[in-house]
Amino acid sequence: KHLGLFLPKKYKKMHPVGRLDYDTSGLILFSRDGELTQRLLHPKYSVERQYVATVTGEVDNERLRVQLEETGVETGEGTHFGKLLDVHHLDSEESRAVLKYG
């Protein structure tokens, strides 16, 4: 099931562009345009995405870079790689990482 199933009838032809995982928050885009959806989601188009993560303690930039660029991140859909573009340490408990997949 997906969020599009819960839209009012006049929006039934729309579908979600991406997803939010459990215990996360963010913006979900909806579209009627399959080509636009594909361009936004497929890694070959390298659409930059920004993520904010709350962590306990400091983020080790080099360890995060290695995980994203060399080891990859395992999901139910396979191993995904990305490029770490920037990390802002907001305080000792929160950091903002900007990365690109694809």
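Cut-off values and rules
- Residues numbered from 1 in each chain as written.
- Predicted model: local features only at pLDDT ≥ 70, side-chain atom pairs only at ≥ 80, totals over all residues.
- Heavy atoms only, no water.
- 1 Å grid on protein atoms, 1.4 Å probe; cavity = no way out; pocket = protein on both sides within 12 Å on 5 of 7 lines; lining within 4 Å.
- Points joined across faces, edges and corners; volume = space filled by probe spheres on them.
- Helix = DSSP H or I, 4+ residues; strand = E, 2+ residues; numbered from the N terminus.
- Nonpolar A, V, L, I, M, F, W, Y, C, P; charged D, E, K, R; others polar.
- Patch = residues over 30% accessible without salt bridge, like charges linked within 9 Å, V, L, I, M, F, W, Y side chains within 5 Å.
- Areas by Shrake-Rupley, 256 points an atom, 1.4 Å probe, with all protein chains shown as cover.
- Salt bridge = Lys/Arg side-chain N within 4 Å of Asp/Glu carboxyl O.
- Buried < 20%, exposed > 50% of the residue type's maximum accessible area, 1.4 Å probe, protein only.
- Contact = heavy atoms within 4.5 Å.

For the largest pocket, the calculated volume is near 1,700 Å³. Contributing to the lining of the largest pocket are 40 residues, with Arg 19, Asp 21, Arg 49, Tyr 51 and Tyr 101 lying nearest its centre. Elements with a minimum of two residues in the lining of the largest pocket: helix H1 (34-41), strand E3 (48-54), helix H2 (61-71), strand E4 (73-75) and strand E7 (94-101). Ranked by the residues each element gives to the lining of the largest pocket, the list is headed by E3, at six residues. Across the lining of the largest pocket, the residue classes break down as 22 nonpolar, 10 polar and eight charged.

What follows concerns a nonpolar patch on the surface. A cluster of nonpolar side chains, namely Leu 3, Leu 5 and Phe 6, defines an oily patch on the protein surface of about 340 Å² accessible area. Tracing the sequence through the fold places Phe 6 in the segment before strand E1 (15-17). Overall, Phe 6 belongs to the exposed group, its relative accessible area being 64%.

Let us now look at the environment of Leu 29. Mapped onto the fold, Leu 29 is located in strand E2 (residues 29-31). Looking at Leu 29, the relative accessible area reads 42%, which means it is partly exposed. Between the C-alpha atom of Leu 29 and that of Lys 10, which follows or precedes it by 19 residues, the distance is 16 Å. Apart from residues lying up to four places away in sequence, Leu 29 is in contact with His 15, Pro 16, Val 17 and Leu 40.

The residue Gly 18 is located in the loop between E1 and E2 in this model. Given the relative accessible area of 30%, Gly 18 is considered partly exposed. C-alpha separation for the pair Gly 18 and Leu 41, spaced 23 residues apart in sequence, amounts to 6.7 Å. Excluding residues that lie within four positions of it along the chain, Gly 18 makes contacts with Ile 28 and Leu 41.

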